[in-house]
Amino acid sequence: MAEECTHDCSSCGASCSSRTEPQDMTEKLNEYSSVKKVIGVVSGKGGVGKSTVTSLMAVMFNRMGYHTAILDADITGPSIPKAFGIKEKALGSDKGILPITTHSGIDIMSVNLLLENETDPVIWRGPVLAGTVKQFWTDVLWQDVDYMFVDMPPGTGDVPLTIFQSLPLDGIIIVTSPQELVSMIVGKAVKMAQMMNIPILGIVENMSYFKCPDCGKEHYLFGKSKLEDIAKEYGINILARLPIDPESARACDTGKIESVINKPAEEAASTLETQLKS
Ligand code: ADP
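Residues numbered from 1 in each chain as written. Predicted model: local features only at pLDDT ≥ 70, side-chain atom pairs only at ≥ 80, totals over all residues. Heavy atoms only, no water.

**Comments concerning the overall build of the protein**
Definition in use: By the criteria applied, helices consist of DSSP H or I runs no shorter than four residues and strands consist of E runs no shorter than two, each listed in order from the N terminus. Using C-alpha atoms as the atom set, the radius of gyration is obtained and then compared with a globule rule of 2.2 Å times the number of residues to the power 0.38. Burial status follows relative accessibility: with a 1.4 Å probe on protein chains alone, a residue under 20% of its type maximum counts as buried, one over 50% as exposed, and anything between as partly exposed. We count Lys and Arg on the positive side and Asp and Glu on the negative side, and we leave His and both chain ends out. We put the charge of a Lys on NZ, of an Arg on CZ, of an Asp on CG and of a Glu on CD.
In terms of regular secondary structure, the protein is built from eight helices and 12 strands. The C-alpha radius of gyration computed for the protein amounts to 19 Å, which stays within 12% of the reference 19 Å derived for 278 residues, consistent with globular compactness. Along the first, second and third principal axes, the C-alpha atoms of the protein reach 60 × 50 × 40 Å. The buried share among the 278 residues of the protein stands at 48%. In the protein, which carries 25 positive and 35 negative side-chain charges, the distance between the mean positions of the two groups comes to 5 Å.

**Things to note about the sheet that holds strand 1 (residues 35–43)**
In any sheet, the strands associate via hydrogen bonds between backbone groups, in a parallel or an antiparallel arrangement. Basically, it comes down to this: The pairing criterion for strands is at least two bridges between them, as found by DSSP. The contact criterion used is simple: two residues touch if any of their non-hydrogen atoms lie within 4.5 Å. Lines fitted to C-alpha atoms define the axes here, with helix axes fitted over just the stretch in contact, and angles between the N-to-C directions of these axes take values from 0 to 180 degrees.
Strand order across the open sheet formed by eight strands is 5-6-2-7-1-8-9-12, with mixed pairing between neighbours. Both edges of this open sheet fall to strand 5 (100–101) and strand 12 (238–241), since each of them pairs with a single strand only. Relative to strand 12, strand 9 (residues 200–205) runs parallel, the two sharing three bridges. Looking across to strand 12, one finds that Ile203 is bridged to Ile238. This element, helix 1 (residues 50–63), spans strand 1, strand 2 (68–72), strand 7 (145–151), strand 8 (171–176) and strand 9 of the sheet and lies at about 170 degrees to strand 7.

**Overview of the site of the ligand**
Note the cut-off: Nearness is judged by heavy atoms alone; a residue qualifies as near a molecule or strand once a single heavy atom is within 4 Å of it. Polar contact is the term for a pair of N or O atoms within 3.5 Å; when the atoms are in protein, one must be able to donate a hydrogen and the other to accept it, and sequence-neighboring residues count only if both atoms are side-chain atoms. Accessible areas in this description were obtained via Shrake-Rupley with a 1.4 Å probe; residue shielding takes into account the shown protein chains only.
Looking at the ligand, there are 15 residues lining it, with Gly47, Lys50, Ser51, Thr52 and Asp245 nearest. The separation between a nitrogen atom of the ligand and a polar side-chain atom of Asn206 is 2.9 Å. Here a nitrogen atom of the ligand sits 2.8 Å away from a polar atom, N or O, in the main chain of Asp245. In the complex, 78% of the free accessible area of the ligand, which totals 560 Å², lies under the protein chains.

**Section: the environment of Asn262**
Position of Asn262 among the secondary structure elements: in the loop between helix 7 (246–253) and helix 8 (263–277). Spatially, the C-alpha atom of Asn262 lies 26 Å from that of Val35, the residues being 227 residues apart in sequence. Other than its neighbours up to four places away in sequence, Asn262 contacts Leu56, Met60, Leu242, Asp245 and Ser248. For Asn262, the side chain forms a polar contact with the main-chain nitrogen of Ala265, separated by 3.1 Å.

**Observations concerning the packing of helix 1 against helix 8**
Note the threshold: An angle below 35 degrees is read as roughly parallel, one above 145 as roughly antiparallel, one from 65 to 115 as roughly perpendicular, and any other as oblique. When residues are grouped by polarity, Ala, Val, Leu, Ile, Met, Phe, Trp, Tyr, Cys and Pro land in nonpolar, Asp, Glu, Lys and Arg in charged, and all others, Gly among them, in polar.
Running from amino to carboxyl end, helix 1 crosses helix 8 at an angle of 70 degrees, the nearest separation of the two axes being 9 Å. Of the possible angle classes, the one that applies to helix 1 and helix 8 is roughly perpendicular. Only Ala265, Glu266, Ala268, Ala269, Leu272, Glu273 and Leu276 of helix 8 make contact with helix 1, whose side of the interface consists of Leu56, Met57, Met60 and Phe61. A per-class count over the contact of helix 1 with helix 8 returns nine nonpolar, no polar and two charged.

**Comments concerning unusual backbone geometry**
Positive phi, close to 50 degrees, is recorded for Asp144, a residue that is not glycine. On the secondary structure map, Asp144 appears in the loop between helix 3 (126–138) and strand 7.

**Observations regarding the nonpolar core**
Where a protein is soluble and globular, its nonpolar side chains tend to be buried together. Note the following rule: Remark: nonpolar core denotes a set of buried residues (Ala, Val, Leu, Ile, Met, Phe, Trp, Tyr, Cys) joined through side-chain atoms within 4.5 Å.
Phe84, Met148 and Phe164 are the most contacted members of the largest nonpolar core, which totals 80 residues. The element that contributes the greatest number of residues to this core is helix 1, accounting for seven residues.

**With respect to the side chain of Glu273**
Following the sequence through the fold, Glu273 ends up in helix 8. Overall, Glu273 belongs to the buried group, its relative accessible area being 15%. A polar atom in the side chain of Glu273 sits 2.5 Å from the side chain of Tyr66. Residues in contact with Glu273, not counting those within four places in the same chain, are Phe61, Met64 and Tyr66.

**A closer look at the packing of aromatic side chains**
Using the following cut-off: Centres within 6.5 Å are what make two rings of Phe, Tyr or Trp a pair, Trp counting through its six-membered ring; a difference in plane orientation under 30 degrees is then read as stacked, over 60 as edge-to-face, and the rest as tilted. In this scheme, the term charge over a ring applies when either NZ of a lysine or CZ of an arginine sits within 6 Å of the ring centre and within 35 degrees of the ring normal.
Per the counting criterion, the structure on display carries five aromatic pairs. Judged by centre distance (5.2 Å) and plane angle (65 degrees), the ring pair of Phe61 and Phe149 falls under edge-to-face. Taken together, the positions of Phe61 in helix 1 and Phe149 in strand 7 put the pair 88 residues apart, joining distant regions of the chain. Take Phe61 and Phe149: they sit in the same class, and that class is buried. An aromatic cluster is built from Phe61, Tyr66, Tyr147 and Phe149, whose rings are joined through pairwise contacts. In this structure, Lys95 packs its charged tip against the face of Tyr32, placed 5.3 Å from the ring centre.

Laid out in structure tokens, this is it:
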């Protein structure tokens, strides 16, 4: 037993003899919903491209023919509706809150679809933030979803932790940028997933390099990538290195993410599909 044992194994990383399996704290899905696989997309901090990667994965899985959904759990920084150009508000039915379906058929729920004014800040405390995400799982009508991608709040604090515990995640994708790719930050995300017994499906290094549109040469603007060393250190799979891509960024910022052509993201989705099927 750890010297200062709190008897709460969910908040302790020590692998001692009295360790108990984490309690199942996952919330029940709406009785009319059906979601086959749930994948969390996490990052150590904001601004590294977590929402962009979440959106790209959903778009690529949708193109592969799967019914795909996004649960936007980044309540204080919801950017998913904007990436898909969604302006309408979500409505309710007697079976639950109805997600908004995008042009290509991706079901989305985000706090911005419920707020009267999308620029209103969400000034809520942790339990209310986590409670909202739980309701997105329990009260939204997710019909026949094959793959749901969850845009998690950044970091490993109280709110991400509660959300981790309340959703039945089949695995997580860690998104980093070269500036942020320090072992400690990845280590924290890896440890959190391990403590929850959630498999790490892989790591994506976003804004990894810039490919010159004229000569095709790849420039590593932030220096040599440490991705390989860190993936090896933690025994995780590299899913993708996504370049700095002004086209994807513009599409994401103007609501046209569904029309994006992004080869590395497509390859990452295909690798992920194989992994999730095995
Ligand atoms: P996070 O969800 O981690 O806060 P976002 O996905 O919202 O980050 O991305 C932050 C900003 O960076 C957005 O304006 C987005 O369009 C831009 N961005 C993300 N990925 C890339 C990329 N690979 N190339 C260029 N810009 C990007």
